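These are the residues of each chain, in order.
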Amino acid sequence: MARRALTTTAAAFAATAALLLTACGGSGEDKSSDDIKGAGDGSSSPSASASGPAGDDRPDVSVPKDLKLVFDFDKPSDAKQAAALSDAENYIRALKHGIAAQNPDDPAYRFYSGAQATQYAKAQIEAWVKGGWTVYGTDEYYDEDVAAVSDGKGVVVSFCRNQAESYSKDIKTGKVHYTEESADSYQKYRLLMVPPSADSAVWRTVTIEVLGKAKECR
């Protein structure tokens, strides 16, 4: 499966962030978006679960045992930024969970997202389902940066991804589609997070930008 990436500019991302924070507030719709990067995950049976405070009815975001999600993040000292980073991680886990479940309407990613980020996750899962693939291997996320947006209401979470050992696996045959490490293995993510609201106890991802061939992540 070829690796592909969403390629909007940082300036466009910032402009979109400002609009979403004033107009959206954190609930999501459901249309469709672009295909995700490429191969990288497993089958079924849980391994890791959502992080975050207990008692807020968080959904299952477990992933297959043959998929290892590595989040090498340092927790920010600011409590709000730490919570935003944790739920950005949960959004990624929820996306992988939806792929493994082969469910484009999986409730997990919807719980952790809104607006464009919901559309994006749905489109990624649909692409994997259409291809007959699931997730396999080791998927690494690192070099996080967490910053408040200018109005102080939202948080932008950025981090790198190394998907060199993250592959797709054919559901029917079990064949793993191995690929060689290349410039396409490295990506830069930017997620706009909005804080908890009356209808949500979590920080939700409302915008996601994925930049391919990220030299700063190598």
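1. Overview of the overall build of the chain
Check the secondary structure of the chain and you find 4 helices and 7 strands. In sequence order, the chain lays out its α and β elements as α-β-α-α-α-β-β-β-β-β-β. Residues classed as buried in the chain amount to 52% of the 218 residues present. Of all intrachain contacts in the chain linking residues separated by at least 6 positions in sequence, the fraction that spans at least 24 positions is 73%. Put simply, the chain shows about 9700 Å² of open surface, and 50% of that area lies on carbon and sulfur atoms.

2. A few points about the packing of helix α2 (residues 79–101) against helix α4 (residues 115–131)
α4 packs onto α2 with a crossing angle of 30 degrees between their chain directions and a minimal axis gap of 9 Å. In terms of orientation, α2 and α4 fall into the roughly parallel class. In the crossing of α2 with α4, the sense of the turn from one axis to the other is right-handed. The residues of α4 that touch α2, namely those facing Tyr91, Leu95, Gly98 and Ile99, are Ala117, Tyr120, Ala121, Gln124, Ile125 and Trp128. Taken together, the residues that form the contact of α2 with α4 break down as 8 nonpolar, 2 polar and no charged.

3. Comments concerning the packing of aromatic side chains
Two aromatic rings are characterised by how far apart their centres lie and by the angle between their planes. For the structure on display, the rule yields 9 aromatic pairs. Pairing Phe71 with Tyr141 gives two aromatic rings, centres 5.0 Å apart and planes at 10 degrees, and the pair type is stacked. Here Tyr141 lies in strand β2 (residues 133–148) and Phe71 lies in strand β1 (residues 67–72), a separation of 70 residues in the sequence. Through pairs of rings, three or more aromatic residues link up here, namely Phe71, Phe73, Tyr141, Phe159 and Tyr189.

4. Points about the pattern of salt bridges
In the structure shown here, the tally under the stated rule is 9 salt bridges. Its salt-bridge partner being Asp87, residue Arg58 comes within 2.7 Å of it at the nearest N-O pair. Placement of Arg58 in the loop between α1 (10–23) and β1 and of Asp87 in helix α2 is noted, with a sequence separation of 29 residues between them. This pair shows no difference in class: Arg58 is buried, exactly as Asp87 is. One salt bridge connects Asp139 with Lys96, and the closest N-O pair in it is separated by 3.2 Å. With Asp139 in strand β2 and Lys96 in helix α2, this residue pair connects regions lying 43 residues apart in the sequence. Asp139 sits in the buried class, given a relative accessible area of 0%. Judged by its relative accessible area of 2%, Lys96 falls in the buried class.

Thresholds, definitions, all that
Residues numbered from 1 in each chain as written. Predicted model: local features only at pLDDT ≥ 70, side-chain atom pairs only at ≥ 80, totals over all residues. Heavy atoms only, no water. Helix = DSSP H or I, 4+ residues; strand = E, 2+ residues; numbered from the N terminus. Buried < 20%, exposed > 50% of the residue type's maximum accessible area, 1.4 Å probe, protein only. Contact = heavy atoms within 4.5 Å. Areas by Shrake-Rupley, 256 points an atom, 1.4 Å probe, with all protein chains shown as cover. Axes fitted to C-alpha atoms, helices over the stretch in contact; angles between N-to-C directions. Parallel < 35°, antiparallel > 145°, perpendicular 65-115°, else oblique. Left-handed = near helix turned anticlockwise from the far one by under 90°. Nonpolar A, V, L, I, M, F, W, Y, C, P; charged D, E, K, R; others polar. Phe/Tyr/Trp six-rings, centres within 6.5 Å; stacked < 30°, edge-to-face > 60°. Salt bridge = Lys/Arg side-chain N within 4 Å of Asp/Glu carboxyl O.

By themselves, these figures tell us nothing about what the structure is for.
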